[in-house]
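Single-letter residue listing:
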Amino acid sequence: MNPSLSTAVNVDLHSHTTASDGHLSPTELVDLALTNNVDMLAITDHDTVVGYQDAKKYACTRGLRLISGVEVSTTWAGQGVHIVGLDIDPYHITITQLLTRQAEARQIRCQMILHQLKKVNLPITLEEVQANAGHNHIGRPHIAQVMIDKGYVSNMAKAFKKYLGAGKIGDVKNTWVDLADAVHAIHHGGGIAVIAHPNHYKMTRSKLLRMIDDFQESGGKGIEVISGKQHPDVTRKFAVIANKRALLASTGSDFHRHVAYAPAVGQLPLLPESVTPVWTAFQSV
Ligand code: AMP
Ligand code: MN
Ligand code: MN
Ligand code: MN
């Protein structure tokens, strides 16, 4: 077997840049991946491919195999589920339409969150949030940063815990694309849809399995067997699910910035040998 297709290579297929809510620019992320001996990296910013596009040439000239990607915020059964699209054609019409739609949803959601915050006497304008996000997509971390800057909260964790997280006043009904539609768009765009961080959803096991059923019925092909820092039991659990369901296995740090409690890009254990790595199905490899 071509060694580049085995599980024994340093692969990281989930990472963020400043194009969404990561702290490193696309080229800084490529440099970090090279420093950490990554063989294959996917940049999977939230609902945008701009970070990937900015890094592509830079990665190519430095010999890093950069895979196109995106992390799409979707809704399934009224709940938020993140779907990573890997090895997509970032210029395909179904991808650009999907991402345009998501950008609008992000703006609308931001306005809804700001409306809620105003009710509890924490006024913030859309302009303030957009200034913080720059040209990039607005995410809740940008709102949280404005809350910190205005002295409403002391840190990001508190902003989420008190105002922006699940069940809090800023937890507005989301306007994301349906999971099935995101999966279809990713496949029409030549990519592989992967369930991101499956251990992070607050779902019972049976609900999670129902979500996986629907995902596969829509044409979804992969699942993150390794996501960031997780217990080996969790890895084993998702390896078993991947094999039972004939799902391709992905692995990713979900790197946003250097923190003590999470791996940096490329600092992950190897996938279990029993699984089929998702990159064996990449067209671009
Ligand atoms: P959004 O895509 O706008 O819904 O923002 C979600 C992002 O917010 C996640 O990808 C994380 O980067 C970040 N996030 C979520 N929860 C927390 C938290 N409790 N503390 C800090 N950042 C968080
Ligand atoms: Mn994020
Ligand atoms: Mn996510
Ligand atoms: Mn992510």
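Heads up: the structure comes first, above all this text.
Let me sum up the structure you'll find in this document. Each residue is numbered by its place in its chain's sequence as written, counting from 1. Throughout, the order in which chains and ligands are written sets their labels, letters from A for the former and numbers from 1 for the latter. With the structure being a predicted model, the display of local features is reserved for residues of pLDDT at least 70 and the display and counting of side-chain atom pairs for 80 or more, all residues being used for whole-chain, interface and lining totals. Water and hydrogen atoms play no part in the side-chain values, which are based on all heavy atoms of the structure.

**Brief notes about the site of ligand 1**
Now for step 1: One heavy atom within 4 Å of a molecule or strand is enough for the residue carrying it to be called near that molecule or strand. Lining the immediate surroundings of ligand 1 are Asp-21, His-46, Arg-106, Arg-109, Gly-139, Arg-140, Pro-141, Met-156, Phe-160 and His-256.
Now for step 2: Polar contacts, as used here, are pairs of N or O atoms within 3.5 Å; protein pairs need one atom able to donate a hydrogen and one able to accept it. Residues neighboring in sequence count only if both atoms are side-chain atoms. Interatomic distance of 3.2 Å between a side-chain N/O atom of Arg-106 and an oxygen atom of ligand 1.
Now for step 3: Among the residues forming the shell around ligand 1, the class breakdown is three nonpolar, three polar and four charged. In this classification, the charged set is Asp, Glu, Lys and Arg, the nonpolar set is Ala, Val, Leu, Ile, Met, Phe, Trp, Tyr, Cys and Pro, and all remaining amino acids, among them Gly, are polar.

**With respect to the coordination of the manganese ion (ligand 4)**
Now for step 1: The protein atoms that coordinate the manganese ion (ligand 4) are His-14 (NE2), His-16 (NE2), Glu-71 (OE) and Asp-254 (OD), at distances spanning 2.1 to 2.2 Å.
Now for step 2: Donor residues for the manganese ion (ligand 4), ordered by position in the chain, follow H-x1-H-x54-E-x182-D.
Now for step 3: A donor here means any N, O or S atom no more than 2.8 Å from the metal (3.2 Å for Na, K and Ca); water is not included, so a site may seem to lack partners. Between the manganese ion (ligand 4) and the manganese ion (ligand 2), the interatomic distance is 4.8 Å. Placement of the pair is His-16 in the loop between β1 (11-12) and α1 (26-35) and Asp-254 in the segment after β9 (248-252), with a sequence separation of 238 residues. For the purposes of this entry, the term helix denotes a DSSP run of H or I that reaches at least four residues, the term strand denotes a run of E that reaches at least two, and both are numbered from the N terminus.

**Notes on the packing of helix α5 (residues 140-149) against helix α6 (residues 156-164)**
Now for step 1: Close contact between α5 and α6 brings their axes to 9 Å; oriented N to C, the two are set at 105 degrees. As summarised for this structure, α5 and α6 are arranged roughly perpendicular, according to the angle between their axes. For the pair α5 and α6, contact is made by Arg-140, Pro-141, Ile-143, Ala-144, Gln-145, Met-147 and Ile-148 and by Met-156, Ala-159, Phe-160, Tyr-163 and Leu-164, respectively. What counts as an axis is a line fitted to C-alpha atoms, over the stretch in contact for a helix, and the angles between N-to-C directions run from 0 to 180 degrees. The cut-offs work like this: below 35 degrees is roughly parallel, past 145 is roughly antiparallel, 65 to 115 is roughly perpendicular, and the gaps in between are oblique. Contacts are assigned to residue pairs that have any heavy atoms within 4.5 Å of one another.

**Some remarks on the environment of Ala-185**
Now for step 1: Mapped onto the elements, Ala-185 comes out in helix α7 (residues 179-188).
Now for step 2: Sequence-wise, Ala-185 and Ser-218 are 33 residues apart; in three dimensions their C-alpha atoms are separated by 10 Å.
Now for step 3: With residues near it in sequence (within four places) discarded, Ala-185 still touches Thr-94, Ile-95 and Leu-98.

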